[in-house]
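In case you want the letters, here they are:
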Amino acid sequence: MTGPTPLPFRVSIIEYLNAAPLNFGFKRGLGGDLFQMKFHVPSACADRLRAGEVDAALISSIEYLRIPDLKIVPGLCIASPKRVRSVLLLSKVPPELIRTLALDTSSRSSVALVQILLKERYGLAPQVQDMAPDLPGMLERCDAAVMIGDGAMRAPKEGLLVLDLAEEWYAWTGLPFVFALWAVRRDAPEPPTPGGVAPFFHRSLEMGQANLAVLVEEARRSVGWTAAELREYFTENITYSLGGRERESLALFYEKAVRHGLAPVEKPLSFL
């Protein structure tokens, strides 16, 4: 007599280049029948996790404050130590003249970050409007737009002021900015494997970093950057280790987000 079939562990994955190393192993069968993969933009990853439609998700860091009963996979994140190149404010006017701002509906952390930066660094509180990530449409209706991910990487930037939001945060705080975290629901099923699910997330990243040439070639076809630009992106613009400086940055970001009404309440990181 056999026991009940274990429930699949449902994982929501961001289909952006910045997440490709984290996702690499999962997309190539890591974990076999244990995992069921679902692919979403960052905002949808968080919504599916909140609704209990998935057990784990790569979520915008701000969503950790907004979704109850989450555990963070220790040691992993998507961060930028200085310049990220794929999270941008694109403006028709100088920053001090921005009165209306289009916010990419795919994003959560970046749209909170830009409002904090504009208010505290530039003394601005523009009217904001959530819009689909279509730059011409956004700039037709607003002075400036925030775009993230592959769309920001491909966006035509001629004639526009471009502010890299991670670079702005670094110039202001001296800290890296943490864009995303692997989060697991407290009521998620426990896979029958030693150490639970956390080792799989680390192994998936290890596989991605060991196959950088594959990632670069896939990315070159999708966004049109050169191989050299993409190697720099995956190894210098983006980092994947959640260490002390990243946790310090998250605490500062969370404090500011709550103070500006962009998140309900601060809470310490709770790890698997």
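Note: the structure precedes this text.
Right, let's walk through the structure included here. Here the residue numbers are simple positions, counted from 1 along each chain's written sequence. Only residues with pLDDT of at least 70 are given local features in this predicted model, and only at 80 or more are side-chain atom pairs given and counted; all residues enter the totals for whole chains, interfaces and linings. Side-chain measures here rest on the full set of heavy atoms in the structure, leaving out hydrogens and waters.

### Focus: the pairing of strand β3 (residues 56-60)
Part 1 of the reasoning: The classification of residues rests on relative accessible area computed with a 1.4 Å probe and restricted to protein chains. Under 20% of the type maximum is buried, over 50% is exposed, and intermediate values are partly exposed. A run of DSSP states H or I qualifies as a helix once it reaches four residues; a run of E qualifies as a strand once it reaches two. Both are numbered from the N-terminal end. With respect to burial, β3 is a largely interior element, five of its five residues being buried.
Part 2 of the reasoning: For two strands to count as paired, DSSP must find a minimum of two bridges between them. Direction of pairing for strand β1 (residues 9-14) relative to β3: parallel, over a ladder of two bridges. Residue pairing across strands places Val11 opposite Ala56, the latter belonging to β3.
Part 3 of the reasoning: In this structure, β3 lies alongside strand β11 (residues 177-185), joined through five bridges in antiparallel fashion. Residue pairing in the sheet places Ala57 in a bridge with Ala183 of β11.

### A few points about the nonpolar core
Part 1 of the reasoning: As used in this record, nonpolar core signifies buried Ala, Val, Leu, Ile, Met, Phe, Trp, Tyr and Cys residues forming a set joined through side-chain atoms within 4.5 Å. Counting 88 residues, the largest nonpolar core has Leu89 and Trp182 as its most contacted members.
Part 2 of the reasoning: In terms of residues, this core owes the most to one element, β11, which gives eight residues.
Part 3 of the reasoning: Counting residues in each nonpolar core, the second largest holds twelve residues, with Leu90, Ala102, Leu139 and Ala145 among its members.

### So, unusual backbone geometry
Part 1 of the reasoning: A positive phi angle, close to 60°, is found at Asp69, a residue other than glycine.
Part 2 of the reasoning: Assignment of secondary structure puts Asp69 in the loop between α3 (63-66) and β4 (70-72).
Part 3 of the reasoning: In this structure, Arg85 takes a positive phi of about 70° despite not being glycine.
Part 4 of the reasoning: Residue placement: Arg85 occurs in the loop between β5 (76-80) and β6 (87-91).

### A short note on the packing of aromatic side chains
Part 1 of the reasoning: Only the six-membered ring of Trp is used, alongside the rings of Phe and Tyr, when aromatic pairs are assigned; centres must lie within 6.5 Å, and planes under 30 degrees apart are stacked while those over 60 apart are edge-to-face, with the rest tilted. Taken as a whole and judged by the stated rule, the model has 15 aromatic pairs.
Part 2 of the reasoning: Residues Trp169 and Phe177 carry aromatic rings whose centres are separated by 5.4 Å and whose planes lie at 75° to one another, so their mutual orientation is edge-to-face. Phe177 matches Trp169 in its accessibility class, with the two residues each being buried.
Part 3 of the reasoning: Seen from their ring centres, Phe177 and Phe253 are 4.9 Å apart, and the 75° between their planes marks the pair as edge-to-face. With Phe177 in strand β11 and Phe253 in helix α11 (residues 244-259), this residue pair connects regions lying 76 residues apart in the sequence. Here Phe177 and Phe253 have matching classes, each one buried.
Part 4 of the reasoning: Members of the aromatic cluster, joined through ring pairs, are Tyr64, Trp169, Trp172, Phe177, Phe179, Phe253 and Tyr254.
Part 5 of the reasoning: We note Arg28 situated over the ring of Phe24; from NZ or CZ to the ring centre the distance is 3.7 Å.
Part 6 of the reasoning: In our convention, an over-ring charge means Lys NZ or Arg CZ found within 6 Å of a ring centre and within 35 degrees of that ring's normal. Across the ring face of Tyr64, the terminal group of Lys267 is positioned such that the distance to the ring centre comes to 4.6 Å.

### What about helix α10 (residues 227-237)?
The α-helix advances 3.6 residues per turn, and as a result positions three or four apart in sequence lie on the same side.
Part 1 of the reasoning: Of the positions making up α10, those classed as buried are Leu230, Tyr233, Phe234 and Asn237. Taken end-on, α10 shows its buried residues confined to a sector of 125°, consistent with a single buried face.
Part 2 of the reasoning: Contact definition: two residues touch when any of their heavy atoms are within 4.5 Å. Tucked inside the fold, the buried residues of α10 contact α1 (20-27), β5, α6 (149-154), α9 (212-223) and β12 (239-241). The arc under discussion is defined with respect to the helix axis, by the directions toward the C-beta atoms.

### Thoughts on the environment of Leu272
Part 1 of the reasoning: With respect to the helices and strands, Leu272 occurs in the segment after α11.
Part 2 of the reasoning: For the pair formed by Leu272 and Val73, sequence separation is 199 residues and the distance between their alpha carbons is 5.6 Å.
Part 3 of the reasoning: Other than its neighbours up to four places away in sequence, Leu272 contacts Lys71, Ile72, Val73, Pro74, Val184, Val197 and Ala198.

### Topic: the pattern of salt bridges
A side chain with one charge may pair with a side chain of the opposite charge, provided their charged atoms come close.
Part 1 of the reasoning: Salt bridge, as used here, is a side-chain nitrogen of Lys or Arg placed within 4 Å of a carboxyl oxygen of Asp or Glu. Enumeration over the complete set of coordinates arrives at 19 salt bridges.
Part 2 of the reasoning: In this structure, the salt-bridge partner of Glu63 is Arg66, at a minimum N-O distance of 3.0 Å. Taken together, the residues span about one helical turn, with Glu63 and Arg66 both in helix α3 at a distance of three residues.
Part 3 of the reasoning: Under the relative-accessibility criterion, Glu63 is labelled buried at 1%.
Part 4 of the reasoning: For the salt bridge of Asp69 with Arg186, the shortest nitrogen-to-oxygen distance reads 3.9 Å. Of the two residues, Asp69 is situated in the loop between α3 and β4 and Arg186 in the loop between β11 and α8 (198-210); the sequence distance between them amounts to 117 residues.
Part 5 of the reasoning: Since its relative accessible area comes to 47%, Arg186 is described here as partly exposed.
Part 6 of the reasoning: Through salt bridges with shared partners, a single network forms among Asp47, Arg50, Glu63, Arg66 and Arg108.

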